[in-house]
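Understanding the architecture of this molecule
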Amino acid sequence: QAQGSDFEYTERDVILYNLGVGAKRTELPLVFENDDNFQVLPTFGVIPTFNAVAPFSFGDVLPNFSPMMLLHGEQYLEIRQFPIPTEATLVSYPKLVEVVDKGNAGIIVTGSTTKDKNTGKDIFYNESTVFVRGSGGFGGPSKGGDRGAATRVYKAPSRKPDAVVEEATTEEQAAIYRLSGDRNPLHIDPEFSKVGGFKVPILHGLCFFGIAGKAVLKTFGQFKNIKVRFAGTVLPGQTLVTEMWKEGNVVIFQTKVKETGKLCIAGAGAELVDAGKTK
Ligand code: HDC
């Protein structure tokens, strides 16, 4: 097996992550290590692989690659073991899944398996899609492959949502979230974000992914996988409205920015561990 990247974390990292995706001081299982039910939100599964060293660089596989033009396009996360440890040393093995040519943009999908370093057992699997503006037109395939749940686009039913959860982000949301590992200046430095086309640094996709995932968890219970498309940007301080529909063991959801009415997460879904729980 290829050389993996270690990621060691403790309860302090768990609390910082939970706070980064909006945990409240009153939610003791998320913010107090001595709570009997202390836990890490399942979307933490994206963190161990984030800074793992991949066997390729984005500039190797796309023309005109610029980090300032990169946006997070989609994310798929599978949780392969419960309960998720609240401290561990994990090891991630990233690989190139595919490169897609959208004409004016290039897309790169990275897949990564994360294992417990001690037991060797799988804990998480991720697929991350980045959308790089200005890096298309190289004659690559214009569509990606079908990899089941990892590439599924969920369709919101036409009925009213079964549940709606509203959550305000704070002005400091990105400043806190970045401490869990994504130090991309796009989310903190206006000089950098301006070059990418954003006057104000935008919120991490994986931060609002975490907030939406928390809404699904708190409403319908634990999920074993989750897939989202980042359909629009979010500014720190905006309020997120997550609409959810339960269909069998799946929660289909989408998230809107309250201030603009625009979708920031679309075509999303999560497969529940226990389909029995209703709202
Ligand atoms: O959808 C637009 C957008 O702005 N989305 C929001 C992006 C965003 O805010 N992301 C989060 C913040 S950035 C971030 O967090 C970076 C982070 O620090 C680093 C991540 C690194 C993770 C890697 C770990 C390994 C936008 C701009 C993405 C697309 O909009 P348009 O240009 O208007 O595209 P459109 O004309 O609608 O479609 C063109 C083709 O592209 C496909 N597509 C659209 N949105 C996509 C997408 N594909 C993937 N992801 C998306 N989000 C469309 O389907 C279309 O293809 P086709 O014509 O074949 O249907």
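In this report, we go over the structure that sits alongside the text. (Residues numbered from 1 in each chain as written. Predicted model: local features only at pLDDT ≥ 70, side-chain atom pairs only at ≥ 80, totals over all residues. Heavy atoms only, no water.)

**Here's the deal with the pattern of salt bridges**
Once the charged atoms of two side chains with opposite charge are near each other, the side chains can pair. Under the defined criterion, the tally for this structure stands at 17 salt bridges. Between K218 and E27 there is a salt bridge, with the nearest N and O atoms lying 2.1 Å from each other. Placement of K218 in helix α6 (residues 205-220) and of E27 in the loop between α1 (11-20) and α2 (28-31) is noted, with a sequence separation of 191 residues between them. According to the relative accessible area criterion, E27 is buried, its value standing at 13%. In this structure, R147 and E127 form a salt bridge, with 2.9 Å as the shortest nitrogen-oxygen distance. Of this pair, R147 sits in the loop between β5 (122-133) and β6 (163-168) while E127 is found in strand β5, placing the two residues 20 residues apart along the sequence. Given the relative accessible area of 28%, R147 is considered partly exposed. E127 gets classed as buried once you look at its relative accessible area, which sits at 6%. Each of E78, R80, K115 and D122 takes part in a single network of salt bridges with overlapping partners. (Salt bridge = Lys/Arg side-chain N within 4 Å of Asp/Glu carboxyl O. Helix = DSSP H or I, 4+ residues; strand = E, 2+ residues; numbered from the N terminus. Buried < 20%, exposed > 50% of the residue type's maximum accessible area, 1.4 Å probe, protein only.)

**Regarding the sheet that holds strand β1 (residues 5-9)**
On the basis of which strands lie adjacent, the open sheet formed by ten strands has the order β1-β3-β4-β5-β2-β7-β10-β9-β8-β6 and antiparallel pairing. The open sheet is flanked by β1 and β6, the only strands paired with a single partner. In this sheet, neighbouring strand axes are inclined to one another by 20° on average, regardless of whether the strands run parallel or antiparallel. Two elements, strand β8 (residues 239-247) and strand β9 (residues 250-257), share eight bridges in a ladder whose sense is antiparallel. Across the sheet, the residue bridging to E247 is V250, located in β9. In the packing of α6 onto the sheet, the strands contacted are β2 (70-79), β6, β7 (223-230), β8, β9 and β10 (263-272), and the crossing angle to β7 comes to about 140°. (Pairing = 2+ DSSP bridges. Axes fitted to C-alpha atoms, helices over the stretch in contact; angles between N-to-C directions. Contact = heavy atoms within 4.5 Å.)

Spatial relationships are all this shows, so hold off on functional conclusions.
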